[in-house]
Amino acid sequence: KTEFGVRINGDLIRHNERNGGVGKISMQFPGGELVQSHSMLSQHDRSNDGSVKFTLLHRYANGVMKSAVGLGSRHSTDNSTADESYSGLRDMYLLRSDANHTDKLYPSFSISYDHKYPSKVLLSYSLKGSYTHTDKEGALLQENSWLSYTHENFIDLNPRVKLTVPIGKKVSSYASVN
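Residues numbered from 1 in each chain as written. Predicted model: local features only at pLDDT ≥ 70, side-chain atom pairs only at ≥ 80, totals over all residues. Heavy atoms only, no water.

Caption draft 1: Looking closely at the overall build of the protein. On a plain count of helices and strands, the protein comes out with 0 helices and 8 strands. Overall, the protein shows an N-to-C arrangement of helices and strands of β-β-β-β-β-β-β-β. Dimensions along the principal axes, computed over C-alpha positions, put the protein at roughly 80 × 40 × 25 Å. Here the protein holds 178 residues, and the buried ones make up 21% of them. (Helix = DSSP H or I, 4+ residues; strand = E, 2+ residues; numbered from the N terminus. Buried < 20%, exposed > 50% of the residue type's maximum accessible area, 1.4 Å probe, protein only.)

Caption draft 2: Summary view of the environment of K53. Counting through the fold element by element, K53 comes out in strand β3 (residues 32-59). For K53, a relative accessible area of 35% puts it in the partly exposed group. In this structure, the C-alpha to C-alpha distance between K53 and I8, residues 45 residues apart in sequence, is 6.6 Å. The residues contacting K53, other than those within four sequence positions of it, are G5, V6, R7, A68, V69 and G70. (Contact = heavy atoms within 4.5 Å.)

Caption draft 3: Summary view of the packing of aromatic side chains. Applying the stated criterion across every chain, the model contains 2 aromatic pairs. Each ring, one from F4 and one from F54, has its centre 6.4 Å from the other, and the planes form 20°; the classification is stacked. Linking F4 in strand β1 (residues 2-18) with F54 in strand β3, this pair joins segments that are 50 residues apart in sequence. Residue class for F4 comes out exposed when judged on its relative accessible area of 60%. Judged by centre distance (6.0 Å) and plane angle (70°), the rings of Y60 and Y113 are edge-to-face. One end of the pair, Y60, is in the loop between β3 and β4 (63-88); the other, Y113, is in strand β5 (residues 92-116), and 53 residues separate them in sequence. (Phe/Tyr/Trp six-rings, centres within 6.5 Å; stacked < 30°, edge-to-face > 60°.)

Caption draft 4: Structural context of a nonpolar patch on the surface. A cluster of nonpolar side chains, namely F4, V6, I8, F54, L56, V69, F109 and L157, defines an oily patch on the protein surface of about 780 Å² accessible area. Mapped by element, the contributors of at least two residues to the nonpolar patch are β1 and β3. A per-element tally of the nonpolar patch places β1 first, with 3 residues. Considering the arrangement of structural elements, one finds F109 in strand β5. (Patch = residues over 30% accessible without salt bridge, like charges linked within 9 Å, V, L, I, M, F, W, Y side chains within 5 Å. Areas by Shrake-Rupley, 256 points an atom, 1.4 Å probe, with all protein chains shown as cover. Salt bridge = Lys/Arg side-chain N within 4 Å of Asp/Glu carboxyl O.)

So, in structure tokens, the structure goes:
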């Protein structure tokens, strides 16, 4: 018997805020106190997520094979503008703008086979893998501005073999190698 499945997910998030939170942090140093005041002027966050996963399950006389392949993506931006002031050891006023942009793409796969022997011993094989590609840009504009760009590639591969041996009627023991 064979079963097939499809799963589709998606999220769309939009957040806009004006005149947000206000905060104050007081820090004690040997030379005196430094007070940071923070007032959020605006914040805009947007993200789009989507994924699709295909699954296949096939039952044999003494075993089950499962497989899946999927693809997901994420696009997000967040921008904020805030007033920051420092008083005490060093008086300073800053208009701070943060901007971040992230794009991710992440395909994945898995395959496994479970074989049950007449002695009720179960031998399982599985292989899972994924790849994540991330591009991220960031900018902080204030007295000392910076720009950043991150490009990441991450590969995860996880093979596994598992042997389950029954001990008595209700207890079983297993050994696993990853």
